[in-house]
Amino acid sequence: EKGGYDHFMLKEIYEQPLAIKDTYRGRLLADEGIIKMAGIEDNMKRFLNADRIIIVACGTSWHAGLVAEYIFEDLARIPVEVEYASEFRYRNPVITEKDVVISISQSGETADTLAAIKLAKSKGAFVFGVCNVVGSSIARETDAGAYTHAGPEIGVASTKAFTTQITVLTLIALRLARAKGTMSSSDYRRHLHELELIPEKVTKALEADKHIQAVSQLYKDSHNMLYLGRGYNFPVALEGALKLKEISYIHAEGYPAAEMKHGPIALIDENMPVIIIATKKGHYEKVVSNIQEIKARKGKIIGIVTEGDVSVRELADHVIEVPETLENLSPLLTTIPLQLLSYHIAVMLGKNVDQPRNLAKSVTVE
Ligand code: M6R
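Residues numbered from 1 in each chain as written. Predicted model: local features only at pLDDT ≥ 70, side-chain atom pairs only at ≥ 80, totals over all residues. Heavy atoms only, no water.

Counting its secondary structure elements, the chain contains 15 helices and 12 strands. A compact globule built from 366 residues should have a C-alpha radius of gyration of about 21 Å, and the chain, at 20 Å, falls within 12% of that. When its C-alpha atoms are laid out on the principal axes, the chain stretches across 55 × 45 × 45 Å. For the chain, contacts bridging at least 24 residues in sequence account for 75% of all contacts bridging at least 6. For the chain, the exposed area adds up to about 14,500 Å²; of that, 48% sits on carbon and sulfur atoms. For the chain, the separation between the mean place of its 42 positive charges and that of its 47 negative charges on side chains is 1 Å. (Helix = DSSP H or I, 4+ residues; strand = E, 2+ residues; numbered from the N terminus. Rg over C-alpha atoms; globule rule 2.2 N^0.38 Å. Contact = heavy atoms within 4.5 Å. Areas by Shrake-Rupley, 256 points an atom, 1.4 Å probe, with all protein chains shown as cover. Lys, Arg positive; Asp, Glu negative; His and termini not counted. Charge placed at Lys NZ, Arg CZ, Asp CG, Glu CD.)

Relative to each other, helix H2 (residues 16–24) and helix H10 (residues 185–206) sit at 170 degrees, their axes nearing to 8 Å. The angle between H2 and H10 places the two elements in the roughly antiparallel class. For the pair formed by H2 and H10, the contact residues are Gln16, Pro17, Ile20, Lys21 and Tyr24 on the first element and Leu195, Glu196, Ile198, Pro199, Val202, Thr203 and Leu206 on the second. The class makeup of the residues in the contact of H2 with H10 is eight nonpolar, two polar and two charged. (Axes fitted to C-alpha atoms, helices over the stretch in contact; angles between N-to-C directions. Parallel < 35°, antiparallel > 145°, perpendicular 65-115°, else oblique. Nonpolar A, V, L, I, M, F, W, Y, C, P; charged D, E, K, R; others polar.)

Contact geometry of helix H12 (residues 234–248) with helix H15 (residues 331–348) gives a least axis separation of 9 Å together with a crossing angle of 20 degrees. On the basis of their axis angle, the class for H12 and H15 is roughly parallel. For the pair H12 and H15, the sense of crossing is right-handed. Residues Val236, Gly240, Lys243, Leu244, Ile247 and Ser248 of H12 pack against Pro331, Thr334, Thr335, Leu338, Ser342, Tyr343, Ile345 and Ala346 of H15. A class-by-class count of the residues in the contact of H12 with H15 yields eight nonpolar, five polar and one charged. (Left-handed = near helix turned anticlockwise from the far one by under 90°.)

As a further point, take the site of the ligand. As a matter of local geometry, the ligand sits amid 13 residues, with Ser61, Ser105, Gln106, Thr110 and Glu246 nearest to it. Between the ligand and Lys243, the relevant distance is 2.9 Å, taken from an oxygen atom to a side-chain nitrogen or oxygen of the residue. Glu246 has a polar side-chain atom sitting 2.3 Å from an oxygen atom of the ligand. For the ligand, the protein covers 91% of the area, taking 410 Å² as the surface of the free molecule. At the level of elements, helix H5 (59–76) and H12 are the ones that each hand at least two residues to the shell around the ligand. When residues of the shell around the ligand are assigned to their parent elements, the largest contribution, three residues, is made by H5. Residue composition of the shell around the ligand, by class: three nonpolar, eight polar and two charged. (Near = heavy atom within 4 Å. Polar contact = N/O pair within 3.5 Å; in protein donor to acceptor, adjacent residues only side chain to side chain.)

To continue, consider the nonpolar core. One finds Phe72, Ile102, Phe128, Leu176 and Tyr227 to be the most contacted residues of the largest nonpolar core, which totals 89 residues. The greatest single-element share of this core, amounting to 10 residues, is contributed by helix H9 (residues 160–180). Non-local contacts of Phe128, meaning those with residues more than four positions away in its chain, are made with Gly39, Ile40, Phe47, Val101, Ile102, Ser103, Thr142, Ala144, Gly145, Ala146 and Ile172. Among the nonpolar cores identified, the runner-up in size contains 21 residues, and Ile265, Ile276, Val288 and Val312 belong to it. (Core = buried A, V, L, I, M, F, W, Y, C linked by side-chain atoms within 4.5 Å. Buried < 20%, exposed > 50% of the residue type's maximum accessible area, 1.4 Å probe, protein only.)

This part covers the sheet that holds strand S6 (residues 126–131). Taking strand neighbours across the sheet as the criterion, the five strands line up as S4-S3-S5-S6-S7 in an open arrangement whose pairing is parallel. The open sheet has two edge strands with one neighbour each: strand S4 (80–84) and strand S7 (144–147). Pairwise comparison of adjacent strand axes, ignoring direction, gives a mean angle of 20 degrees for this sheet. Strand direction decides the pairing type here: strand S5 (residues 100–105) and S6, joined by six bridges, are parallel. Each residue of the ladder has a partner; that of Val100, found in S6, is Phe126. Helix H7 (residues 111–122) rests against strand S3 (53–57), S5 and S6 of the sheet, and its axis sits at about 165 degrees to S5. (Pairing = 2+ DSSP bridges.)

Within the sequence span of helix H11 (residues 209–219), burial applies to Asp209, Ile212, Val215, Ser216 and Tyr219. Along the axis of H11, the buried residues cluster in a sector spanning 115 degrees; they form a single face. Within H11, the exposed residues directed more than 90 degrees away from the buried face are Lys210 and Leu218. (Arc of directions from axis to C-beta.)

The next subject is the pattern of salt bridges. The final tally for this structure, using the stated rule, is 20 salt bridges. Between Glu15 and Lys160 there is a salt bridge, with the nearest N and O atoms lying 2.7 Å from each other. Linking Glu15 in the loop between helix H1 (8–14) and H2 with Lys160 in helix H9, this pair joins segments that are 145 residues apart in sequence. For Lys160, a relative accessible area of 3% gives the class buried. Here Glu307 makes a salt bridge to Lys204, at a shortest N to O gap of 3.1 Å. Here Glu307 is found in the loop between strand S11 (300–306) and helix H14 (311–315), whereas its partner Lys204 is found in helix H10, with 103 residues between them in sequence. Here Glu307 falls in the partly exposed class, since its relative accessible area comes to 35%. With a relative accessible area of 40%, Lys204 lands in the partly exposed category. (Salt bridge = Lys/Arg side-chain N within 4 Å of Asp/Glu carboxyl O.)

Below, the structure written as structure tokens:
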């Protein structure tokens, strides 16, 4: 049932090229320049009339929501707020009939997310669901939605659900951008073609596995790790830290790289490994100067870089390469080495990777 893999998590990491393809199959017609999603077409007016989109989710799905915030604002110019479902539901939030709420949930059973949806619906908002499990409570409770089609995710640590959620949300953002005219047709087409290439680039990113395993061996006994990223890759840093925490029980924190100087830099010494996402597009020079600051304080640096990178390689203790893509699609690639790093560290520490202590696959209680 694990298809020859030692753990479901590893199987699911390796399933991502196919899972992403399954997510866009029939929806992304790159050559025709078309995105087809019934849940969006049927409700286009609601989306176009929305003053803002509110995204509600928990855990990894919340991180996918943060990536979506960047994509929606950047491409479709729609203001987005991303909320932890558990905070949103108890905050007496201001919601009107003009709001569109997007709830993201792999299981479709997360109690806080479900409650947030019910609250939003009671105030007249239009609620759209992005779920993986077909027929789940959230899928049934929402007004419309789009499934991720990632196939069953068994490992408690979410992997392919995250990348397929980002894929669906990217398709939605592109469709809305086209409808609103916020992207030029050449830029739009370029995004469609690049998205279509993501599965093979994920396959390429997975080829670093052996190297990542060797790096994992060097850092498995660390007590803390810091994950940094900027822009589109800030949420990826949060996700990388969450993945490490939940399966290896090593304390890790994710931060926007530029926030480092407002506090976390105090933690940096030779015992602090820093995983920093420094891909070519997206604040590259600024991230390189963050790396110099870490190096000056003797922090150990693991850089996630674009293939062929030179500058970070000169400074970092290790680099892990991912193929080049558009900045706003980069989370789909930079996430892969972080998943593998936490997987290998957890295995080396003898942890129960698929069923970490104290955690459940779906959190059906608040
Ligand atoms: O099923 P959901 O997407 O609603 O689950 C949300 C979180 O419970 C989930 O992402 C959790 O954080 C994962 N264990 C992360 O790997």
